[in-house]
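Understanding the architecture of this molecule
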Amino acid sequence: MNRELQTIIVEVEKAVVGKREVIEKILMALLADGHVLLDDIPGVGKTTLAVALSRTLGLTYNRIQFTPDVLPSDIVGVSIYNKDSGCFEYKSGVVSNTNLLLGDEINRTSSKTQSALLEAMEERQVTVDGTTYPLQKPFAVIATQNNVGTAGTQLLPYAQMDRFLVRLSIGYPDYEAQMSILRDRQSTDPIGSVAQVVTRDDVLRMQAEVRAVTAKDSILDYITRLAMASREHPMVEVGISPRGTLFLDRMAKAHAYLEGRDYVTGGDVQAIFHDVCAHRVILNQKSRLSGGTVTQVLNELLETVEVPDRRQA
């Protein structure tokens, strides 16, 4: 494993116990310059994980609690008239001057406010009254949504779901992890012991190194065949989008980088396939009524689409 990333992961684990795989995947997503959707039950450490990552990576952190009364201007900012100067002045929103934004319970706000994030997530900029304001680099969103207590929530539109590089779930800790959580918090909060390991410039450097990881045509062909097979599958109404194939490539490069390699293999694509694609595939009505699942479809794709030979990858 990449030693620098190993050090980061160990530091985050001071606050988030027993969830190394999730930490690795979120870190990979950030290095792939993508956004993360955490879909889980309340109280499993989603906020703690985001704070620990921001501290370890030396990133400017901001948080917004989404509620029905949150407005688009809270996200992107607003122009306010200054009577002294006689001009409108831009007052920044929560995405400005932020490297890592935690959007907590994003499904509890209106569709209009959810959509206000789209330009920021896709283009790393916001536009207010015809003026465009670039965001800091790096900029990443970790959005959470709870799958229980859904009264009053707004489903994320597919166009916004497709903007998230991965959808992950933290899940309950096992017995040993739960005991460690209880012991560690008897007198202090472990988040205070999380130290900065790298700087913002280091993160930008690592993102550039991830982009430079080699994905040969055999790998690009494999990703393309997986996407095409998903679109032609008899159980699927909406398959993997072109954006999804680009994200598969980026996340596979990040996985190879985590493993300490400068080239992508078919195994890298397989390792992150479910996380990148599960929220992009929509089953048709017949499949849903018969009890089919997206996981079943993705597993079938991995089993039937030929993996490129490692020597060619």
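First, a word on what this report is: a plain description of the structure on this page. (Residues numbered from 1 in each chain as written. Predicted model: local features only at pLDDT ≥ 70, side-chain atom pairs only at ≥ 80, totals over all residues. Heavy atoms only, no water.)

In summary, soluble globular proteins display a tendency toward joint burial of nonpolar side chains. Membership of the largest hydrophobic core comes to 72 residues, with the highest contact counts inside it found for Ile26, Leu49, Leu57 and Phe273. Non-local contacts of Leu57, meaning those with residues more than four positions away in its chain, are made with Ile8, Leu27, Leu30, Val198, Thr199, Arg200 and Val203. In terms of nonpolar packing, the next biggest core, distinct from the first, is built from 23 residues, Phe66, Ile75, Met161 and Phe164 among them. (Core = buried A, V, L, I, M, F, W, Y, C linked by side-chain atoms within 4.5 Å. Buried < 20%, exposed > 50% of the residue type's maximum accessible area, 1.4 Å probe, protein only. Contact = heavy atoms within 4.5 Å.)

Before going further, it helps to spend a moment on helix 3 (residues 46–57). When the terminal C-alpha atoms of helix 3 are compared, their 17 Å separation across 12 residues agrees well with the 16 Å that a helix rising 1.5 Å per residue should span. Taken across its 12 residues, helix 3 has nine buried, putting it largely inside the fold. Every buried residue of helix 3 is listed here: Lys46, Leu49, Ala50, Val51, Ala52, Leu53, Ser54, Thr56 and Leu57. (Helix = DSSP H or I, 4+ residues; strand = E, 2+ residues; numbered from the N terminus. Expected span 1.5 Å × (residues − 1).)

Before going further, it helps to examine the pairing of strand 7 (residues 131–134). Relative to strand 7, strand 6 (residues 125–128) runs antiparallel, the two being bridged by four bridges. Within the sheet, the bridge partner assigned to Val126 lies in strand 7 and is Tyr133. Hairpin connection, strand 6 to strand 7: the antiparallel pair is bridged by two residues, and Asp129 has positive phi, about 55°. (Pairing = 2+ DSSP bridges.)

Here the focus is the packing of aromatic side chains. This model, assessed by the stated rule, comprises two aromatic pairs. On the numbers, 3.8 Å between centres and 10° between planes, the contact of Tyr90 with Tyr133 is stacked. Placement of Tyr90 in strand 4 (residues 87–92) and of Tyr133 in strand 7 is noted, with a sequence separation of 43 residues between them. Judged by relative accessible area, which is 23%, Tyr133 ranks as partly exposed. Here the guanidinium or amino end of Arg261 rests over the ring plane of Tyr263, the centre of that ring lying 5.4 Å away. (Phe/Tyr/Trp six-rings, centres within 6.5 Å; stacked < 30°, edge-to-face > 60°. Lys NZ or Arg CZ within 6 Å of the ring centre and 35° of its normal.)

Before going further, it helps to spend a moment on the sheet that holds strand 1 (residues 36–40). One open sheet accounts for five strands, arranged 2-5-8-1-9; its pairing is parallel. Across the chains shown, the open sheet's two edge strands, defined by having one partner strand only, are strand 2 (61–65) and strand 9 (166–168). Shown here is a sheet whose adjacent strand axes are inclined to one another by a mean of 20°, direction ignored. In this structure, strand 5 (residues 100–104) lies alongside strand 8 (residues 140–146), joined through four bridges in parallel fashion. Following the sheet pairing, Gly103 is matched in strand 8 by Ala143. Strands strand 1, strand 5, strand 8 and strand 9 of the sheet are contacted by helix 2 (residues 20–31), whose axis makes an angle of about 160° with strand 9. (Axes fitted to C-alpha atoms, helices over the stretch in contact; angles between N-to-C directions.)

Moving on, we come to helix 1 (residues 3–12). The set of residues buried in helix 1 consists of Leu5, Ile8, Ile9, Glu11 and Val12. Down the axis of helix 1, the buried side of the element spans an arc of 160°, and every buried residue falls inside it. The secondary structure elements touched by the buried residues of helix 1 are helix 2, helix 3, helix 8 (200–211) and helix 10 (242–258). Here helix 1 starts with a cap whose side-chain oxygen sits 2.9 Å from the backbone nitrogen of Glu4, and that cap is Asn2. (Arc of directions from axis to C-beta. Polar contact = N/O pair within 3.5 Å; in protein donor to acceptor, adjacent residues only side chain to side chain.)

On to the pattern of salt bridges, then. What the rule picks out here adds up to 17 salt bridges. Residues Arg63 and Asp104 are paired through a salt bridge, measuring 2.7 Å at the closest nitrogen-oxygen approach. In this pair, Arg63 sits in strand 2 while Asp104 sits in strand 5, placing the two residues 41 residues apart along the sequence. Overall, the relative accessible area of 10% leaves Asp104 in the buried class. Ionic pairing is found between Arg280 and Asp162, a salt bridge with its closest N-O pair at 2.6 Å. Highlighted residues: Arg280 in the loop between helix 11 (266–277) and strand 11 (282–283) and Asp162 in the loop between helix 6 (158–161) and strand 9, separated in sequence by 118 residues. Across the pair, Asp162 and Arg280 agree in class, each one buried. A cluster of three or more residues bridged by salt bridges with shared partners is formed by Glu122, Asp162, Arg163, Arg243 and Arg280. (Salt bridge = Lys/Arg side-chain N within 4 Å of Asp/Glu carboxyl O.)

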